[in-house]
Amino acid sequence: MAPSLDSWAKQSVHKGTPVVVKMENLNWSMVELESPSDEEIFASAGGEGVEPERTRNKNAKQLTWVLLLRAHRAAGCLASMAATALGLASAVKRRVAAGRTDNDASEASRRSGGVRESPTLKARFYTCIKVFLWLSIVLLGFEVAAYFKGWHYGSHNIELQHLLATSFSVKGIFDRLYSTWVSIRVEYLAPPLQFLANACVVLFLIQSLDRLILCLGCFWIKFKNIKPIPKEDASVDVESGEKGYFPMVLVQLPMCNEKEVYQQSIAAVCNLDWPKSKLLIQVLDDSDDPTAQSLIKEEVNKWQQEGAHIVYRHRVIREGYKAGNLKSAMNCSYVKEYEFVSIFDADFQPAPDFLKRTVPHFKDNEELGLVQARWSFVNKDENLLTRLQNINLAFHFEVEQQVNGVFLNFFGFNGTAGVWRIKALEDSGGWLERTTVEDMDIAVRAHLHGWKFIFLNDVEAQCELPESYEAYRKQQHRWHSGPMQLFRLCLPAIIKSKISIWKKFNLIFLFFLLRKLILPFYSFTLFCIILPMTMFVPEAELPAWVVCYIPATMSFLNILPAPKSFPFIVPYLLFENTMSVTKFNAMISGLFQLGSAYEWVVTKKSGRSSEGDLLSLVEKETKHKRGNSAPDLEALKEEISKQEQKASRKKRHNRIYTKELTLAFLLLTASARSLLSAQGVHFYFLLFQGISFLLVGLDLIGEQVE
């Protein structure tokens, strides 16, 4: 026989579980809330023991405290959101009040001697975007008016049938206009727009398949632990007494007006662990600033006095940018004595064992022309912009470069942190100034001549990422216009070369067309033009898997090499689409040889790594027992302090980017139109993508520029 409810209540001695709630506001005290005890539960069920009135009062007090707690948290959240909104509004107000745009930056570049695109050519792209914007605003007003007049049906076919069935005589003026617009978009606009959308979707799927294959290749390399292993050398170097392979190595350090970073880069290459008699460092200074010239020359003289085998070179005739600088240095008579050349940009800081981990791969491998190391970044966590760049470059090195190096023995030279066999450079025609991507140019020509490349994913050289959107934008323009210039110039040579058909296919279709042309083309066209237009021409459709699921999957694959950046997957997806306008513009400029395709702007450096490297510099100089290192180090500290004070006195400003801002309003207008059609995925994508363009257009991402 089951126990009665009364006996169960009497036997139970368990009380309610206390819940301790801590209020963040110091004016509130600690409050202990108790859940109902068993007696109270029994009383509420109609039994005896506890007065129902007291129970109700106690529960009411507990409920009051819980509601107060939630109200307090809500108020704190609202206060935080309000502060953020006020800060954002203040920043926007400053941007608009300053009135500086990217057009002003181009004018300043022209005055400083940079290449400037023709105003007519420059205005065409911006004009096309503005036309789409104004057209979308007009259509949005038209659709809103139609919506409130009852012209909203679940199916476009029903809407069209209703229009055709309505007698022309009973239609009002607005009904006639709207029915005419629906007929035009159904018969004339929707078919070509749908065709273009389908074509872009096909390109999107092909590029996604390529990305997936690269990721599978990277997984296979990790699973099989595949990596290049150099041959051991038992010979002993007479000077150092160490066993190993120590050929003659030339180190080149090209730089131009980079006062922020020259000291740590020169110090890093001077501390490379290599026999001094077999190492020569060339500081190739292309600076046109007399102050920068004197500072760099003085730094070189200081290291010469300390015993480093280093020389300073400054060109009188500065032509060909970095390629011209490297070409001029390779023409020196003493270069013939060296077998290999290692190149580092001005912000790179190789580890002391860099040459010992790269040069041995050349031993007994006469077909090897290049050994490329990966980059690591001293400021990858500086701001949101650097975090997003780190995701991109981590995928580039971990997946693209490594997979192509293992399976194809070919990839694009990164322009720095690599070691070339000088014979391979000479056999390929040397450095040419015909494009702004001289590194990719020499790599393609060396590949056509049969030279093989090795990528070392476990050897890193530290460098900086651009911290301002202005610097990053200019860098990306050069990186995406140059390959299209090179493709036009190299296509005949690729077709006529004696390499295999597979290698020709890889160069033409995968290396150039798919990854350098198709990717920026469909990214901009599909997500920034076609998708907004389908909101106003709903007869042409883009399925949700194209808008959401596949892009999210590709972003997830891209972020795998940088797992700590996973919380930034959504900003990364939105920012990549935002950058498509810059990459598309650059691709068109390079493909059709427009003026800005030849523009070379040195990426602005912050020099943040200088201060962090002072301690390591002390250790290195102590290790090498350089007697005058302490006074020089103090001078270095003083120089950095002066640069910081000077930088703090400079007026800082940001710019408004007209293309990005115009596209922001286009996408937000399209999101408003999609809201009328209750298209959930499309609405959210357009809304957040429009906000992303708005933030970038107002230069609210990254550091301020000087």
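Residues numbered from 1 in each chain as written. Predicted model: local features only at pLDDT ≥ 70, side-chain atom pairs only at ≥ 80, totals over all residues. Heavy atoms only, no water.

Draft legend 1. Structural view of the overall build of the protein. Within the protein, the regular secondary structure consists of 23 helices and ten strands. Taking all contacts inside the protein whose residues are at least 6 apart in sequence as the whole, residues at least 24 apart take part in 80%. (Helix = DSSP H or I, 4+ residues; strand = E, 2+ residues; numbered from the N terminus. Contact = heavy atoms within 4.5 Å.)

Draft legend 2. Examining the pattern of salt bridges more closely. Tallied over the entire structure, the rule returns 21 salt bridges. In this structure, lysine 322 engages aspartate 345 in a salt bridge whose closest nitrogen and oxygen atoms are separated by 2.8 Å. On the criterion of sequence distance, the pair formed by lysine 322 in helix α10 (residues 321-330) and aspartate 345 in the loop between β6 (340-343) and β7 (349-350) is long-range, its members being 23 residues apart. Here the salt bridges share partners, and the residues they tie into one network are Lys222, Arg374 and Glu398. (Salt bridge = Lys/Arg side-chain N within 4 Å of Asp/Glu carboxyl O.)

Draft legend 3. Structural view of the environment of asparagine 365. Relative to the assigned elements, asparagine 365 resides in the loop between α11 (354-358) and β8 (368-377). Note: C-alpha distance between asparagine 365 and lysine 452 (87 residues apart in sequence) is 9.6 Å.

Draft legend 4. Focus on the packing of aromatic side chains. This model, assessed by the stated rule, comprises 27 aromatic pairs. Ring pairs connect the aromatic residues Phe348, Trp375, Phe397, Phe410, Phe411, Phe413, Trp420, Phe453, Phe455, Phe487, Phe511 and Phe512, which therefore count as one cluster. One Lys or Arg, lysine 516, reaches over the ring of phenylalanine 511 and ends 4.3 Å from the middle of that ring. (Phe/Tyr/Trp six-rings, centres within 6.5 Å; stacked < 30°, edge-to-face > 60°. Lys NZ or Arg CZ within 6 Å of the ring centre and 35° of its normal.)

Draft legend 5. Quick peek at the sheet that holds β7. The strand order across the open sheet built from eight strands is β5-β4-β3-β6-β9-β8-β10-β7, with neighbouring strands paired in mixed fashion. For this open sheet the edge positions go to β5 (310-314) and β7, each flanked by a neighbour on one side alone. Both β6 and strand β9 (residues 418-421) contribute to a ladder of four bridges, which runs antiparallel. Looking across to β9, one finds that serine 342 is bridged to valine 419. (Pairing = 2+ DSSP bridges.)

Draft legend 6. Summary view of the packing of helix α15 (residues 469-496) against helix α16 (residues 501-536). Remark: α15 packs on α16, axes separated minimally by 11 Å, with the N-to-C direction vectors making an angle of 165°. Looking at the two axes, α15 sits roughly antiparallel to α16. In terms of crossing hand, the pair formed by α15 and α16 is left-handed. Of the residues in α16, those touching α15 at Pro483, Met484, Leu486, Phe487, Leu491, Ile494 and Ile495 are Lys504, Leu507, Ile508, Phe512, Leu513, Lys516 and Leu517. Classifying every residue of the contact of α15 with α16 by side-chain character gives twelve nonpolar, no polar and two charged. (Axes fitted to C-alpha atoms, helices over the stretch in contact; angles between N-to-C directions. Parallel < 35°, antiparallel > 145°, perpendicular 65-115°, else oblique. Left-handed = near helix turned anticlockwise from the far one by under 90°. Nonpolar A, V, L, I, M, F, W, Y, C, P; charged D, E, K, R; others polar.)

Draft legend 7. Structural view of the nonpolar core. The biggest cluster of nonpolar side chains holds 84 residues, and the ones touching the most others in it are Ile266, Ile310, Trp420, Val444, Phe453, Leu507 and Phe512. In terms of residue count, the dominant contributor to this core is strand β10 (residues 452-463) (seven residues). Excluding its chain neighbours within four sequence positions, the residues that come into contact with isoleucine 266 are Leu253, Val283, Ile296, Glu299, Val300, Trp303 and Ile310. Residues Phe174, Ala540, Val546 and Leu557 belong to the second largest nonpolar core, which totals 58 residues. (Core = buried A, V, L, I, M, F, W, Y, C linked by side-chain atoms within 4.5 Å. Buried < 20%, exposed > 50% of the residue type's maximum accessible area, 1.4 Å probe, protein only.)

Draft legend 8. How the structure looks around unusual backbone geometry. Phi at aspartate 364 takes a positive value of approximately 55°, unusual for a residue other than glycine. Structurally, aspartate 364 can be placed in the loop between α11 and β8. In this model, asparagine 409 sits at a positive phi of 55°, which is unusual for a non-glycine residue.

Draft legend 9. Representation of the packing of helix α22 (residues 658-676) against helix α23 (residues 680-697) within the structure. Axis separation between α22 and α23 bottoms out at 8 Å; the angle between their running directions is 160°. In this view, α22 runs roughly antiparallel relative to α23, as classed from their interaxial angle. Judged by the sense of rotation from one axis to the other, the crossing of α22 with α23 is left-handed. From α22, Glu660, Leu661, Leu663, Ala664, Phe665, Leu667, Leu668, Ala670, Ser671, Ser674 and Leu675 reach across to α23, where they touch His682, Phe683, Leu686, Leu687, Gln689, Gly690, Ile691, Phe693, Leu694, Val696 and Gly697. Taken together, the residues of the contact of α22 with α23 break down into 15 nonpolar, six polar and one charged.

Draft legend 10. Just helix α12 (residues 384-408), in detail. Compared with an ideal rise of 1.5 Å per residue, which puts 25 residues at 36 Å, α12 spans 34 Å between its outermost C-alpha atoms and is within 8% of the ideal. Counting buried positions along α12 yields 19 of 25 residues, so the element is predominantly enclosed. Taking the backbone nitrogen of leucine 385 as reference, a side-chain oxygen 3.0 Å away marks asparagine 383 as the first, capping residue of α12. (Expected span 1.5 Å × (residues − 1). Polar contact = N/O pair within 3.5 Å; in protein donor to acceptor, adjacent residues only side chain to side chain.)

Draft legend 11. Up close: the confidence of the model for the protein. Overall, the predicted model of the protein reaches an average pLDDT of 81, with 72% of residues at or above 70. This stretch, residues 1-17, has a pLDDT under 50; its non-local contacts, to residues over four places away or in other chains, come to 13 contacts. Low confidence marks residues 110-118, where pLDDT is under 50. Its contacts with residues over four positions away, or in another chain, come to 13 contacts. (pLDDT = per-residue confidence, 0-100.)

Draft legend 12. Inspection of the pairing of β9 at higher detail. In β9, alternate side chains face the same way, and those of Gly418 and Trp420 on one face and Val419 and Arg421 on the other are all buried. Sheet analysis places β8 next to β9, joined by three bridges and oriented antiparallel. In the sheet register, valine 371 faces β9, and the bridge partner there is valine 419.

Draft legend 13. Layout of α16. The terminal C-alpha atoms of α16, which comprises 36 residues, lie only 46 Å apart, well short of the 52 Å expected from a rise of 1.5 Å per residue. At leucine 513, α16 shows its maximal kink, close to 50°. By the criterion of burial, α16 is predominantly enclosed, with 27 of the 36 residues buried. (Bend = angle between axes of the 7 residues up to and from the residue.)

Draft legend 14. Local environment of the side chain of asparagine 379. As for its placement among the helices and strands, asparagine 379 is situated in the loop between β8 and α12. Under the relative-accessibility criterion, asparagine 379 is labelled buried at 3%. Residue contacts for asparagine 379: discarding those within four places in its chain leaves Thr386, Cys463, Glu464, Leu465 and Glu467.

Draft legend 15. The side chain of serine 580, seen in detail. With respect to the secondary-structure elements, serine 580 resides in helix α18 (residues 569-591). Relative accessible area serves as the criterion here: at 2%, serine 580 is assigned to the buried category. When residues no more than four places from it in sequence are discounted, the contact partners of serine 580 are Ser523, Phe524 and Cys528.

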